[in-house]
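# Fold and contact review
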Amino acid sequence: MLSLPRSTYYYRPVPVSSETKALMDLIDRQYLDTPWYGSRQMTHELRRQGYQVNRKRVQRLMRRMGLQALAPGPHT
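Heads up: these notes are all about the structure in this document. Model, not experiment: these values are computed from the prediction.

With that settled, the discussion passes to the packing of helix α2 (residues 18-33) against helix α3 (residues 39-48). In a pair of packed helices, the angle between the axes and the distance between the axes together describe the arrangement. Between α2 and α3, the least distance of the axes is 11 Å, while the angle of their chain directions is 110 degrees. When the interaxial angle is binned, α2 and α3 end up roughly perpendicular. The handedness of the crossing between α2 and α3 is right-handed. Touching Leu-23, Leu-26, Ile-27, Gln-30 and Tyr-31 of α2 are Met-42, Glu-45 and Leu-46, all from α3. Of the residues assigned to the contact of α2 with α3, the class counts are 6 nonpolar, 1 polar and 1 charged.

Put into structure tokens, the structure is as follows:
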């Protein structure tokens, strides 16, 4: 009737956990200090601060927040 799949109609997004919000806040603060950090350097910095994070998670969160390193990537 609505030309919408039933699963889409009943979908309820999962709220962001407090741990993820805290990690996003840390990434945002670090990005303001060092905007040339990409996901790899950001991961290393967070690990130096004592957080157990995966690079893919940092990549996903940076993409979600719209953050991107200012320096050109490799092979450019």
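Here we take up the environment of Leu-67. With respect to the helices and strands, the residue Leu-67 is situated in the segment after α4 (55-65). Judged by relative accessible area, Leu-67 falls into the buried class, the value being 16%. Sequence separation of Leu-67 and Ala-22 is 45 residues, and the distance between their C-alpha atoms is 16 Å.

In this section: the nonpolar core. Counting 13 residues, the largest nonpolar core has Leu-23, Ile-27, Met-42, Leu-46, Val-58 and Met-62 as the members making the most contacts within it. Put simply, the parts of the chain that give this core at least two residues each are α2, α3 and α4. If one sorts the elements of this core by residue count, α2 sits on top with 5 residues. Excluding anything up to four places from it in sequence, Leu-46 contacts Leu-23, Leu-26, Ile-27, Tyr-51, Val-53 and Val-58.

This part covers the pattern of salt bridges. If charged atoms from side chains of opposite charge come close, those side chains can pair. In this structure the tally under the stated criterion is 3 salt bridges. A salt bridge links Glu-19 to Arg-57, with the shortest nitrogen-to-oxygen separation between them at 3.7 Å. One end of the pair, Glu-19, is in helix α2; the other, Arg-57, is in helix α4, with 38 residues separating them in the sequence. Between Asp-25 and Arg-29 there is a salt bridge, with the nearest N and O atoms lying 2.4 Å from each other. Here Asp-25 pairs with Arg-29, and both are found in helix α2, just 4 residues apart, close to one helical turn. Looking at Arg-29, the relative accessible area reads 47%, which means it is partly exposed.

For the rest of this paragraph, the subject is the packing of α3 against α4. Two numbers describe how α3 lies on α4: the axes approach to 9 Å, and their chain directions differ by 115 degrees. Seen along the crossing, α3 lies across α4 with a hand that is right-handed. Facing α3, whose interface residues are Ser-39, Arg-40, Met-42, Thr-43, Leu-46 and Arg-47, α4 presents Arg-55, Val-58, Gln-59 and Met-62. Along the lines of polarity and charge, the residues of the contact of α3 with α4 split into 4 nonpolar, 3 polar and 3 charged.

Cut-offs and rules
- Residues numbered from 1 in each chain as written.
- Predicted model: local features only at pLDDT ≥ 70, side-chain atom pairs only at ≥ 80, totals over all residues.
- Heavy atoms only, no water.
- Axes fitted to C-alpha atoms, helices over the stretch in contact; angles between N-to-C directions.
- Helix = DSSP H or I, 4+ residues; strand = E, 2+ residues; numbered from the N terminus.
- Parallel < 35°, antiparallel > 145°, perpendicular 65-115°, else oblique.
- Left-handed = near helix turned anticlockwise from the far one by under 90°.
- Contact = heavy atoms within 4.5 Å.
- Nonpolar A, V, L, I, M, F, W, Y, C, P; charged D, E, K, R; others polar.
- Buried < 20%, exposed > 50% of the residue type's maximum accessible area, 1.4 Å probe, protein only.
- Core = buried A, V, L, I, M, F, W, Y, C linked by side-chain atoms within 4.5 Å.
- Salt bridge = Lys/Arg side-chain N within 4 Å of Asp/Glu carboxyl O.

Read these as geometric descriptors, not functional statements.
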